[in-house]
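Residue-level structure breakdown
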Protein chains: 4
Amino acid sequence: MVGRTEREPHHSERSPRRSPRRSPRRPLHRSEAVRDLLRATGMTTVFGNPGSTELPFLGHWPDDLRYVLALQEASAVGMADGFARVSGRAAFVNLHAAAGVGHAMGNLFTAFRNQAPLVVTAGQQSRSLLMHQPFLGADDAAQLPKPYVKWSVEPPRGTDVPAAIAQAHRIAMQRPRGPCFVSIPADDWAAECEPPPHRALAADTTPDPAALGRLADALAGAEHPVIVSGPEVEEEGAGPDLVALGERLRAPVWTSPFNPRLGFPEDHPLFAGHLAAAPEAVAAALARHDLILVVGAPVFTFHVPGACAILDGGAAIWHLTTDGGAAARAPAGESILGALRVALPALRTRLPEEPHRRPPAPRAREAPPAAAEPLPASFVLSRLAAVMPQGGVLVEEAPSHRPAMHAHLPVTGWGGF
Amino acid sequence: MVGRTEREPHHSERSPRRSPRRSPRRPLHRSEAVRDLLRATGMTTVFGNPGSTELPFLGHWPDDLRYVLALQEASAVGMADGFARVSGRAAFVNLHAAAGVGHAMGNLFTAFRNQAPLVVTAGQQSRSLLMHQPFLGADDAAQLPKPYVKWSVEPPRGTDVPAAIAQAHRIAMQRPRGPCFVSIPADDWAAECEPPPHRALAADTTPDPAALGRLADALAGAEHPVIVSGPEVEEEGAGPDLVALGERLRAPVWTSPFNPRLGFPEDHPLFAGHLAAAPEAVAAALARHDLILVVGAPVFTFHVPGACAILDGGAAIWHLTTDGGAAARAPAGESILGALRVALPALRTRLPEEPHRRPPAPRAREAPPAAAEPLPASFVLSRLAAVMPQGGVLVEEAPSHRPAMHAHLPVTGWGGF
Amino acid sequence: MVGRTEREPHHSERSPRRSPRRSPRRPLHRSEAVRDLLRATGMTTVFGNPGSTELPFLGHWPDDLRYVLALQEASAVGMADGFARVSGRAAFVNLHAAAGVGHAMGNLFTAFRNQAPLVVTAGQQSRSLLMHQPFLGADDAAQLPKPYVKWSVEPPRGTDVPAAIAQAHRIAMQRPRGPCFVSIPADDWAAECEPPPHRALAADTTPDPAALGRLADALAGAEHPVIVSGPEVEEEGAGPDLVALGERLRAPVWTSPFNPRLGFPEDHPLFAGHLAAAPEAVAAALARHDLILVVGAPVFTFHVPGACAILDGGAAIWHLTTDGGAAARAPAGESILGALRVALPALRTRLPEEPHRRPPAPRAREAPPAAAEPLPASFVLSRLAAVMPQGGVLVEEAPSHRPAMHAHLPVTGWGGF
Amino acid sequence: MVGRTEREPHHSERSPRRSPRRSPRRPLHRSEAVRDLLRATGMTTVFGNPGSTELPFLGHWPDDLRYVLALQEASAVGMADGFARVSGRAAFVNLHAAAGVGHAMGNLFTAFRNQAPLVVTAGQQSRSLLMHQPFLGADDAAQLPKPYVKWSVEPPRGTDVPAAIAQAHRIAMQRPRGPCFVSIPADDWAAECEPPPHRALAADTTPDPAALGRLADALAGAEHPVIVSGPEVEEEGAGPDLVALGERLRAPVWTSPFNPRLGFPEDHPLFAGHLAAAPEAVAAALARHDLILVVGAPVFTFHVPGACAILDGGAAIWHLTTDGGAAARAPAGESILGALRVALPALRTRLPEEPHRRPPAPRAREAPPAAAEPLPASFVLSRLAAVMPQGGVLVEEAPSHRPAMHAHLPVTGWGGF
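Residues numbered from 1 in each chain as written. Chains lettered and ligands numbered in written order. Predicted model: local features only at pLDDT ≥ 70, side-chain atom pairs only at ≥ 80, totals over all residues. Heavy atoms only, no water.

On to the packing of aromatic side chains, then. In total, this model carries 36 aromatic pairs over all chains according to the counting rule given. With a centroid separation of 6.0 Å and 65° between ring planes, the pair formed by F112 of chain A and Y148 of chain A is classed as edge-to-face. Here Y148 of chain A lies in the loop between β5 (118–124) and β6 (151–153) and F112 of chain A lies in helix α4 (residues 99–113), a separation of 36 residues in the sequence. Judged by relative accessible area, Y148 of chain A falls into the buried class, the value being 0%. Relative to W61 of chain B, the ring of F57 of chain B has its centre 5.6 Å away and its plane inclined at 85°; by these criteria the two rings are edge-to-face. The exposure class of F57 of chain B is buried, given its relative accessible area of 2%. Overall, the relative accessible area of 23% leaves W61 of chain B in the partly exposed class. (Phe/Tyr/Trp six-rings, centres within 6.5 Å; stacked < 30°, edge-to-face > 60°. Helix = DSSP H or I, 4+ residues; strand = E, 2+ residues; numbered from the N terminus. Buried < 20%, exposed > 50% of the residue type's maximum accessible area, 1.4 Å probe, protein only.)

Shown next, in the form of structure tokens:
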């Protein structure tokens, strides 16, 4: 409680805006990947009270990260709470398993009420012991800090630890801010991983004007931008705004995988098709573009595992969404949170009226199928499309004919799916 | 899946904007209060599959509410999911206790992924039976639908049922939308309650321009507006914007109860003091105002129970906040969600430059205390304030001297608390 | 850590065996009811660190209960852990809401691992405030101590607080012992309640020989004992043992409400019928008996609320069950935990071979129904019973004909339902 | 609902009593390990409604396991409920991820109330996708079926899947029985694992007389039996019973790792020392014994990972415990559940009075340490032991001197730690 004069706004860095690193990523020891992340996110002061299960992370501690050793876990969280709120940046906390997290719960409650952005990590016994209730081991470790965390996780695999910490940071920093928790089994440190790319996140719930400006610059400078449109577009009534943006950019527009709403009018010349929910297929479809703008969808919803080359490669990925969870989970790119029906027009007004690029070639469409015995589904659907009255309602119960439906029965109006 | 033409935007009503009813509220039977709420929120179609525990709500069903009876609970939720997303309004679902909610969980998962705004209610055995595991009774009823709901509650008292449903509706409609759950013990219906006021909520995460316009009109027309400033103001770096708004309005500014940040520079002529966390005290402090604008704080944080006359009385209450939970929990008034550092300047530019009202009289301050044996705390604090260097740091550990500190050691700079 | 000599076994009181009070219960102030419970269960030393929300319980503290004030919540739980394990009795802990429970969580983890029987209570803000997130209020209060408690509850009504504490004590004392948690809204203290009867519970998972002896004495001395048989009997293969016990006692045997297994062969002369799941109906059916022995069922499963006179009246209630939860929830009587197929024969061998009482009069059975147009269900069922081959399988999907089925289609063999 | 005659007791197999396989275990494909487990536990009928995430388990389905395909998940659980209760054995259920489990929740509630022993498994998306919310992926998968399961887990590693299913089976079969849930990421099937040994579990909460008989035979026939004594012994007042058993067996007695109570009088000739919480150390200490009887402790509590040779090797492991969780988690051996103060005397009376084996050589003890400057802790402690009055209380706060304390300050009386 002080009587000091106005200082320069401490929030200027609250949305880290460093541009994502594009260099090819090489495997790193996991503790090294986490330390890089601490540096990239500005969490260079660590508050903690560690024990045996945290030692693998603490060996060879580097000089440029400060470790503030608290005498008890409650103090570690209390100091981190104040530090985070005064600095405007998330603070990193390093606790001991189970009992250590327990001691901290009182001050974690307070930090949650204070909306202090904390990334709280705690050791956990080795995965190889967890089925047999080891000494100091936590049962269902992600449960203990609830309900006084915004997010709590024990990662599904050791290799996910750095990505989990990165995600915790992004969730902690979204407004209203608050603590997140990551439980880390001791043997998760004992290997390398592919470090997660450093992402940027404009975390105000209103689209950040400066971030929109940078996105407009990037779009204006891109050679071959592409748009992926998701369910939030129709959900927020922003469909016409998206069409207008696409037309100004002369960019093709794909529908996001498994979009439960209309992504784009399927008879529009810019409509490029439906992305499949497979990493390789998405990478192939978007491979030739240098800027990928995902609007109102996760980056990306997959149904099968695999490698998605565009996520660590050359293309810049930008992400407009109202869904904070989707922004936090995106594995790459810069997310700008906030209402699409505000962000899309604001973005368009920042773009030059006459785009220098030529519109994409129209999508090849399947020829209308011919009738046959028995009737092919594609023929039925294409006839249906021809004779449907405006506003007719069709109930779909035929997932195995989804591709034929996409091909021959286009959905053309907002609210039409 | 249809080929119909563009229809008028179905989202025009998504933020109900009917002005709050100001008429004195009279006790209503609880089921009647809930039905009024269904009408006020547009949830006039109910999807359900009820059983014995839901009967008290269903008796004397009115003609203007449609009850769509599903053959199984999964169908009820599936229909409601589609209805909600096509209509752009929340749908109301009425399920049977425990097993009924269980049957619905598969489609509730889908509705959650679809971000469909649902208010799912389920009966529960009578409170008088719950300690003894009755037939059909749910154990920890609010737990079952997790984690596929945005909010889940069994109200603390029967009289809270209508307010809980109202809160569930407000949370379901905030973006990203999704299902909420309310468990209702059968004997909770058997009495009257004070119906919750019908509130409005602009639920986009970006401040709704139309709602800001209406707030500006209300502020321009108010005789004696007052501002209550909470922790989000400093948290978002919007302090100077709030000062500018206060000065344009010539309105006194209070700090919200238990504000953990600076609410307003305490040496500013418009600073009116610190609200206590007691309903009667808040009502007394704000009683003479016809418009109360709460910025960046809950409406209100109380520490003791009591009656807060201003919440159902004559004053219009407006609420700007980034915290969706606070917007949903506010018992009265119209909430506009979104970043304060965007909303406050946008609001100010909509206000006339020359306010017609005179500034409030300066707040009476306590005289500097005199020294004595032993030293009074107030004297120590006032001397401290006089000699503190700019930027000095003071750690406070004396809650019992908080009033003296407020009186004699003002915090004057943003980032200063 | 001491080197003292063997002292007398401290476990002799571990199963409180005071006979249940039978005197009519009169309403008591709730804090008085809880203090009586502390005395009856031997929890006369209280460890705590209270705050404002606990004050209603602490006013007018009596001389015969010792309150050990800890400087922090962790110490309160730590002391209680040691005290409970050394004394062999549960210890009572009294914490402050939310943050207080949080501070205690580290030592609560340890107490859980130590299997220390603790009844941990914490204040909570008043119910009238809970919908609006008051200062110090816990969100979903019963969640915080999980997963390191055996049971956690915020009672559904204020009047249930003493019963909830009694239930927590019974669960804490069952083996393996451990902490239980009860969250108590501050306004729950402000009224009277009907105090829960003081119950006895032999909490070893093996039927306690001494308790079985006392039950045998009570049965031998009873004038009109009655047996209620539940699903555990068939589940554990103890059906023949129950028949033998019933025959030795010459006592009528009812099936427990909603028994999902065969309770007793329905053609046996001692079979008395199926109890309905309604408090008044159960009381009426068992009213003339002076000893009610419930075997393998809850006491009792009800479907509707109401008053069950036998629960606070003259009849002694004894309860044999393998289900610790059912033993803890029983509102009255003495429960003996452990395998029925061990307890039932052990009990029979303790009973005199020649019972002094006469067998009950055979149950009146409905006359076989006559055929009619249309066929009455009862006629169909009685014909079905007559012509069913041995071992035939019948799938029932007609709950509305359950009474007719009970009347005309008796289930006679174990494994037959 | 049938009228068939008494058939032979269907519960005869309820405690599988096949002796544990001792043959060296070789790695198996995980789905093969699970199928072996289904055969060993009698869960040879599988009820399910699978989808894509379950396919890796279903390929090359063997002829001796029956898969009953249900049309919807609710039916799968309903059939399994009836099958399990009629057969007296656990039934295995195979559901689809997230939405599939959701559809089943209504009948899972019923199965939980029916105390039907079910092992419910569900697919989950691949671990490599889980950080990014894939299509069909469950969030916090183990949460969904709560609170209507006895146990719910997503294993910490893919290699733990067979052991998790084995543990779920053991918990489901303990009384009161009920459903358990295991979530299995699709990529967990794609490797081999060391199959868990097939264990036996006498799951009545009262020590099974037949199992005690077999244990007595094994003890009488063993050459070098050893006892490990845990905290439940003192906790249940069974210390003298354990001393009497040890003396009749002439077997050395170790204290279990991290025992928070007295394990055995430390001045007794049979006392062998304190086991360390390390797998290799435990294996070394017990290596020369052919029968290991663990009484009132987990098998075993470890603090560090490693290989414990005795768990898959030649020694027979028997386990007496009151703690069902410890019985289910034990990685090897046969567990007999129930009160130690009943089981220990019952076991002793089944043993021959004159054991054929000679008592173990007395443990070498450290010589009393000499005084020095500064005073060694061991000297202080040995003097303390010499001068402590009977019944003196010593509070320990020196974990780093625990070995010296064990060496020089023996705890000799029950209730003394």
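This next bit is on the pairing of strand β15 (residues 334–337) of chain A. Residue and element names in this part refer to chain A. Burial along β15 is two-sided: E334 and I336 facing one way and S335 and L337 facing the other are all buried. Taken together, the three bridges between strand β9 (residues 200–202) and β15 define a ladder with parallel strand orientation. Note that in β15 the partner of L201 across the bridge is S335. In this structure, strand β14 (residues 316–321) lies alongside β15, joined through four bridges in parallel fashion. By the bridge assignment for β15, W318 is matched with E334. Remark: the β14/helix α10 (residues 324–329)/β15 crossover connection has right-handed handedness. (Pairing = 2+ DSSP bridges. Right-handed = clockwise from strand over helix to strand, strands pointing away.)

The subject of this paragraph is the environment of V120 of chain C. Residue and element names in this part refer to chain C. Tracing the chain through its elements places V120 in strand β5 (residues 118–124). Here the alpha-carbon distance between V120 and T41, two residues 79 residues apart in the chain, equals 15 Å. What V120 contacts, discounting residues up to four positions off in sequence, is V93, L95, L108, C180, F181 and V182. (Contact = heavy atoms within 4.5 Å.)

Let's shift gears to the side chain of N259 of chain A. By secondary structure assignment, the location of N259 of chain A is in the loop between β11 (253–255) and β12 (271–274). Within the structure, N259 of chain A has its side chain in polar contact with the backbone nitrogen of R261 of chain A (distance 2.8 Å). (Polar contact = N/O pair within 3.5 Å; in protein donor to acceptor, adjacent residues only side chain to side chain.)

Inspection of every chain in the model, using the stated rule, returns 64 salt bridges over all chains. Taking the shortest distance from any N to any O, the salt bridge between D208 of chain B and R341 of chain A comes out at 3.0 Å. One end of the pair, D208 of chain B, is in the loop between β9 (200–202) and α6 (209–221); the other, R341 of chain A, is in helix α11 (residues 340–349), on a second chain. Here R341 of chain A falls in the partly exposed class, since its relative accessible area comes to 26%. Taken together, the shared-partner salt bridges connect E32, R35, D36, R39 and D64 of chain A into one network. (Salt bridge = Lys/Arg side-chain N within 4 Å of Asp/Glu carboxyl O.)

Turning our attention to the side chain of R329 of chain D. Considering the arrangement of structural elements, one finds R329 of chain D in helix α10 (residues 324–329). There is no salt bridge for the buried R329 of chain D, and the closest opposite charge comes from D323 of chain D, which lies 4.6 Å off by N-O distance. Leave out the neighbours within four places in its chain, and R329 of chain D touches M131, H132 and Q133 of chain A together with Q167 of chain D. (Lys, Arg positive; Asp, Glu negative; His and termini not counted.)

With their axes 6 Å apart at the nearest point, α4 of chain A and helix α4 (residues 99–113) of chain C run at an angle of 180° to one another. In terms of orientation, α4 of chain A and α4 of chain C fall into the roughly antiparallel class. Packed against α4 of chain A, whose contacting residues are A99, G102, H103, M105, G106, N107 and F109 of chain A, the element α4 of chain C presents A99, G102, H103, M105, G106, N107 and F109 of chain C at the interface. Within the contact of α4 of chain A with α4 of chain C, the residues separate by chemical class into six nonpolar, eight polar and no charged. (Axes fitted to C-alpha atoms, helices over the stretch in contact; angles between N-to-C directions. Parallel < 35°, antiparallel > 145°, perpendicular 65-115°, else oblique. Nonpolar A, V, L, I, M, F, W, Y, C, P; charged D, E, K, R; others polar.)

Residues and elements named next belong to chain D. The strand order β3-β2-β4-β5-β7-β6 describes an open sheet built from six strands, whose pairing is parallel. In this open sheet, the two edge strands, each paired with only one partner strand, are β3 (66–69) and β6 (151–153). The average angle at which neighbouring strand axes cross in this sheet is 20°, direction not considered. Across four bridges, the pairing between strand β2 (residues 45–48) and β3 is parallel. Its bridge partner lying in β3, V46 is registered against Y67. Against the sheet, helix α3 (residues 73–87) makes contact with β2, β3, β4 (91–95) and β5 (118–124), and its axis sits at roughly 175° relative to β4, the strand it touches most.

The next subject is the packing of helix α3 (residues 73–87) of chain B against helix α4 (residues 99–113) of chain B. Residue and element names in this part refer to chain B. It is the contact of α3 with α4, at a shortest axis distance of 7 Å, that shows an interaxial angle of 30°. The orientation of α3 with respect to α4, classified from their angle, is roughly parallel. Between α3 and α4 lies a crossing whose hand is right-handed. Between α3 and α4, the contacting residues are E73, A74, S75, V77, G78 and D81 on the first element and G100, H103, A104, N107, L108, T110 and A111 on the second. (Left-handed = near helix turned anticlockwise from the far one by under 90°.)

The next thing to look at is unusual backbone geometry. Here the amide bond leading from R175 of chain A into P176 of chain A is cis, since omega sits at -10°, within 30 degrees of zero. Not every positive phi belongs to a glycine, and Q115 of chain C is a case in point at roughly 55°. Among the structural elements, Q115 of chain C can be located in the loop between α4 and β5. Residue D140 of chain D is not a glycine yet carries a positive backbone phi of 50°. Summarising the element assignment, D140 of chain D is placed in the loop between β5 and β6.

On to the sheet that holds β9 of chain A. All names here are of chain A. Read across the sheet, seven strands follow the order β9-β15-β14-β13-β10-β11-β12 without closing on themselves; strand pairing throughout is parallel. Each edge of the open sheet carries a strand with a single partner, namely β9 and β12. Strand after strand, the sheet turns through a mean of 20° between neighbouring axes, direction not considered. As defined by bridge partners, strand β13 (residues 291–295) adjoins β14 across five bridges and the pair is classed as parallel. Bridged to V295 within β14 is L320. The strands that helix α8 (residues 239–249) touches are β10 (225–229) and β13; relative to β10, the one it contacts most, it runs at about 165°.

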